[in-house]
Amino acid sequence: MTHSGTALPVTLDRESPVPLAVQLADALRQSAATGHLRGGDRLPSTRALAERLGVSRTVTSAAYEQLHAEGWIAGRHGSGTYVTTSPPSDRPVHRTVPGDQAEPDGILDLTPGTPWAAGLDRAAWRRAWRAAADAPPLSRAHRAGLPDYRATVTEHLLRHRGLAVGTGFVLATGGTTAAVVELAGAVFSAGELVAVEEPGYQRAVEALRSAGVRVAGVPVDDEGLQPEAIPAGARAVYCSPAHQYPMGSRMSAARRVDLVERARRDNMLVIEDDYDGELRFDVAPLPLLAALAPDVVVHLGTTSKILTPTLGAGWMVAPPAVTSAVLSYRDRTGTRPSPAGQRVVIELARHGDLGRHLRKLRRELAERRMLLVAALLAADVPVLGDEAGAHLVVPFESAEVEAGRLRAAELRGIRLDGLARHFAGTPTAFGAAIGYAGCSRDALRGALGSLVDLLR
């Protein structure tokens, strides 16, 4: 196939589980990386390319959007789309990024929780750190967080999570777990009862237990946490309504209303962990519980899943009484989140790099999820979890099966996470939680055969 003198050796396999848009983007990217396409070469329009390949324009548009986000191509107004003169980093696309594929022991780690840090634009990353370093040293600590960071979070929540909140209600944190530690020390007393999702985020559970707080598990299903199962006398309930961790469900609208009504009736706080709420692929990110009931909801967010844990930057939006208690706790203990990561987030947002990365991240993870789900479903392997986030779940029938499959995967060089360890009490569900953000796409694709053999 040729266009304006540029040959495009593209072959699409309609029998492959890999989506056509992903195949097309991979083929064009490889052509640019190997020099078959050179800087300045003009590409066909999405319409023309769709006609020549016999696919819908949606396929070609999605492929071009992905390549544009990665910096391989650029559009010139009125003159078409061109290969960029300097591809990203001037290196082939299939490069090895430290920590991106395998650990030193050769294990491909597909456990959830690792972000797509390799996808961060390195030039933007360096620029943000340089600008952050240029800021003068602080003469006094900002116990609530840097004012510019709190304003940045306020804008981020409005733009990406639909939450309109004043900057004065936002506190900087060191991340979700750090925020739970502060809540446990500032708001709850030893011996008080906090309900947690079962299964759920065990770091939060351990943070509560370490402060002497009692925890009680509340079962979850495909509509999220079951509000009617919250035990009487609970001081608070900890949940992840937008994308339940680790099962991947979202809390239904009816349950959200029931939970809020229960919280108001029983004078109970709802701790909303929105760890990856920006990452939905089927619909717009779901509204926050904090928007529905700001009087009883403590909203927690983090940059660890959308950027990198390197920054140690998160946020809390809470009722005034909770905010005041946390600030008093910081005064008593001298603890406060580091401003360094906050400054980097400020600079990434100031130049639009944060928004661009989020758009690129959603496209990348959506394609990885499609790749993984298609391969599993083609082999009749059941998959749990919404089209969101960076992991999915394959259920097993027993603890013995789970343990056996995890051991077998490790022997094949693949590390998976089991559901059993995510229970604060006795496990009642078993399976494998598979993360797809922390490795390269090539590594994920290369592991598909072994994953299917292990899980079907």
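So, how was this worked out
Residues numbered from 1 in each chain as written. Predicted model: local features only at pLDDT ≥ 70, side-chain atom pairs only at ≥ 80, totals over all residues. Heavy atoms only, no water. UniProt positions renumbered as here; feature names shortened; annotations may be inferred. Helix = DSSP H or I, 4+ residues; strand = E, 2+ residues; numbered from the N terminus. Rg over C-alpha atoms; globule rule 2.2 N^0.38 Å. Buried < 20%, exposed > 50% of the residue type's maximum accessible area, 1.4 Å probe, protein only. Areas by Shrake-Rupley, 256 points an atom, 1.4 Å probe, with all protein chains shown as cover. Lys, Arg positive; Asp, Glu negative; His and termini not counted. Charge placed at Lys NZ, Arg CZ, Asp CG, Glu CD. Pairing = 2+ DSSP bridges. Right-handed = clockwise from strand over helix to strand, strands pointing away. Phe/Tyr/Trp six-rings, centres within 6.5 Å; stacked < 30°, edge-to-face > 60°. Lys NZ or Arg CZ within 6 Å of the ring centre and 35° of its normal. Domains from an automatic or database assignment. Contact = heavy atoms within 4.5 Å. Buried area = accessible area lost by both parts, 1.4 Å probe. Salt bridge = Lys/Arg side-chain N within 4 Å of Asp/Glu carboxyl O. Polar contact = N/O pair within 3.5 Å; in protein donor to acceptor, adjacent residues only side chain to side chain. Axes fitted to C-alpha atoms, helices over the stretch in contact; angles between N-to-C directions.

An unreviewed UniProt entry lists the protein under the name Aminotransferase class I/II-fold pyridoxal phosphate-dependent enzyme, with Amycolatopsis pithecellobii as the source organism. Comment text from UniProt for the protein, heading Sequence similarities (unreviewed entry), reads "In the C-terminal section; belongs to the class-I pyridoxal-phosphate-dependent aminotransferase family."

(A) Seen up close, the overall build of the protein. When helices and strands are tallied, the protein shows 14 helices and 18 strands. Relative to its length of 456 residues, the protein is compact, with a C-alpha radius of gyration of 23 Å against a globular reference of 23 Å. By the burial criterion, 54% of the 456 residues in the protein qualify as buried. Summing over all exposed atoms, the protein offers an accessible surface of approximately 19,400 Å²; the carbon and sulfur share of this is 52%. Here the protein contributes 51 positively and 50 negatively charged side chains, and the mean placements of these two sets differ by 6 Å.

(B) Seen up close, the sheet that holds strand S17 (residues 417-418). The 3 strands lie next to each other as S15-S18-S17, forming an open sheet whose pairing is antiparallel. Strand pairing shows two members of the sheet lacking a second neighbour, strand S15 (391-396) and S17, which therefore form its edges. Pairing of S15 with strand S18 (residues 430-435) involves 6 bridges; the strand directions are antiparallel. Residue pairing for S18: Leu 392 is matched across the bridge by Ile 434.

(C) Structural view of unusual backbone geometry. With an omega dihedral of 5°, the bond running from Glu 198 to Pro 199 counts as a cis peptide bond. In this fold, Pro 199 is placed in the loop between strand S8 (193-198) and helix H7 (202-210). Each neighbour pair has its own omega, and for Tyr 245 with Pro 246 the value is 15°, a cis peptide bond. Of note in this structure, Asn 267 is not a glycine but carries a positive phi near 55°. Along the chain, Asn 267 falls in the loop between helix H8 (253-265) and strand S12 (269-273). Phi is positive for Asp 380, close to 60°, though the residue is something other than glycine. In this fold, Asp 380 is placed in the loop between helix H12 (353-378) and S15.

(D) The arrangement of the pairing of S12 in detail. When you tally the buried positions in S12, you get 5 out of 5 residues, the bulk of the element. Sheet analysis places strand S11 (residues 236-239) next to S12, joined by 4 bridges and oriented parallel. Bridging from a neighbouring strand, Cys 239 pairs with Glu 272 of S12. With H8 bridging S11 and the parallel S12, this β-α-β connection has right-handed handedness. Here S12 pairs with strand S13 (residues 297-302) via 4 bridges, running parallel. Along S13, the bridge assignment pairs Glu 272 with His 299.

(E) How the structure looks around the packing of aromatic side chains. This model, assessed by the stated rule, comprises 3 aromatic pairs. Relative to Trp 129, the ring of Trp 125 has its centre 5.8 Å away and its plane inclined at 75°; by these criteria the two rings are edge-to-face. Placement of both Trp 125 and Trp 129 in helix H4 (residues 122-134) is noted, with a separation of 4 residues, approximately one turn of the helix. Ring centres 6.0 Å apart and planes at 85° place the aromatic pair Tyr 201 and Tyr 245 in the edge-to-face group. With Tyr 201 in the loop between S8 and H7 and Tyr 245 in the loop between S11 and H8, this residue pair connects regions lying 44 residues apart in the sequence. Given the relative accessible area of 23%, Tyr 201 is considered partly exposed. An aromatic cluster of at least three residues, connected via ring pairs, comprises Tyr 201, Tyr 245 and Tyr 275. Directly above the aromatic system of Phe 396 lies the positively charged group of Arg 405, at a separation of 5.1 Å from the ring centroid.

(F) Highlighting the domain arrangement of the protein. Once the domains are mapped, the protein shows domain 1 (20-83), domain 2 (108-112 + 356-455) and domain 3 (122-353). The partner domain 3 presents 29 residues to the 26 residues of domain 2 that form the contact. Summed over both partners, the interface of domain 2 with domain 3 comes to about 2,400 Å²; 57% of that surface belongs to carbon and sulfur atoms. A salt bridge links Arg 356 to Asp 353, with the shortest nitrogen-to-oxygen separation between them at 2.8 Å.

(G) Up close: the side chain of Asp 417. Residue placement: Asp 417 occurs in strand S17. Within polar-contact distance, the side chain of Asp 417 engages the side chain of Arg 421 at 2.7 Å. At 2.8 Å, the side chain of Asp 417 and the side chain of His 422 are in polar contact.

(H) Quick look at the sheet that holds S12. Strand order in the open sheet made by the 8 strands is S7-S14-S13-S12-S11-S8-S9-S10, with mixed pairing throughout. Since the sheet does not close on itself, it has two edges, and those belong to strand S7 (170-173) and strand S10 (224-225), each with one partner. Its contacts with the sheet place helix H5 (residues 147-161) against S7, S13 and strand S14 (314-317), and it is angled at close to 75° to S14. Most of the contacts of helix H10 (residues 320-333) go to S7, to which it runs at about 40°, and overall it touches S7, S12, S13 and S14.

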